[in-house]
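Structural characterization, general
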Amino acid sequence: MSPPTFGDLIRQRRKELKLSLREACKEIGGMIHYPHLSRVERNLATPSEALARRIAKAYRMDEEEVVFRARKLHKTLDDLKRKFPNMTRRYLSESKAEE
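Residues numbered from 1 in each chain as written. Predicted model: local features only at pLDDT ≥ 70, side-chain atom pairs only at ≥ 80, totals over all residues. Heavy atoms only, no water.

Some words on the nonpolar core
Basically, it comes down to this: Each nonpolar core is a collection of buried residues, namely Ala, Val, Leu, Ile, Met, Phe, Trp, Tyr and Cys, held together in the definition by side-chain atoms within 4.5 Å. Partly exposed describes any residue whose relative accessible area lies between the buried limit of under 20% and the exposed limit of over 50%, with all areas from a 1.4 Å probe on protein chains only and scaled to the type maximum. Helical segments are the DSSP runs of H or I of at least four residues, strand segments are the runs of E of at least two, and each set is numbered from the N terminus.
Counting 21 residues, the largest nonpolar core has Phe 6, Ile 10, Ile 28, Leu 37, Ile 55 and Tyr 59 as the members making the most contacts within it. At the level of elements, helix 1 (6-16), helix 2 (21-28), helix 3 (34-41), helix 4 (49-58) and helix 5 (63-70) are the ones that each hand at least two residues to this core. When residues in this core are grouped by element, the largest group, five residues, is from helix 4.

Here you go:
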């Protein structure tokens, strides 16, 4: 089973916080209108990194995870692992060793 999409993740969190779309937009700081937030939640629009960070703060979520999912980096990594398994594994191992 694949991990939840960015839209799934933030919709679930908004519902946990018992916020309507309009209330959520206010919490985010008025940076987004509710129709756009609805499109983001339905994965029909991709938020900017700045908006993803504001959503994470407003929803009290891990900012790094939210931005990572919003930018669809997990899909890119999955594609790389599938197409270039050896190189991806080696690159990630080397990157981890450098930390």
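Now that the structure is up, let's keep going.
With respect to unusual backbone geometry
For Lys 18, which is not glycine, the phi torsion reads 60° and is therefore positive. With respect to the secondary-structure elements, Lys 18 resides in the loop between helix 1 and helix 2. Of note, Asn 43 is a non-glycine position whose phi angle comes to about 60°, a positive value. You can see Asn 43 is positioned in the loop between helix 3 and helix 4.

By themselves, these figures tell us nothing about what the structure is for.
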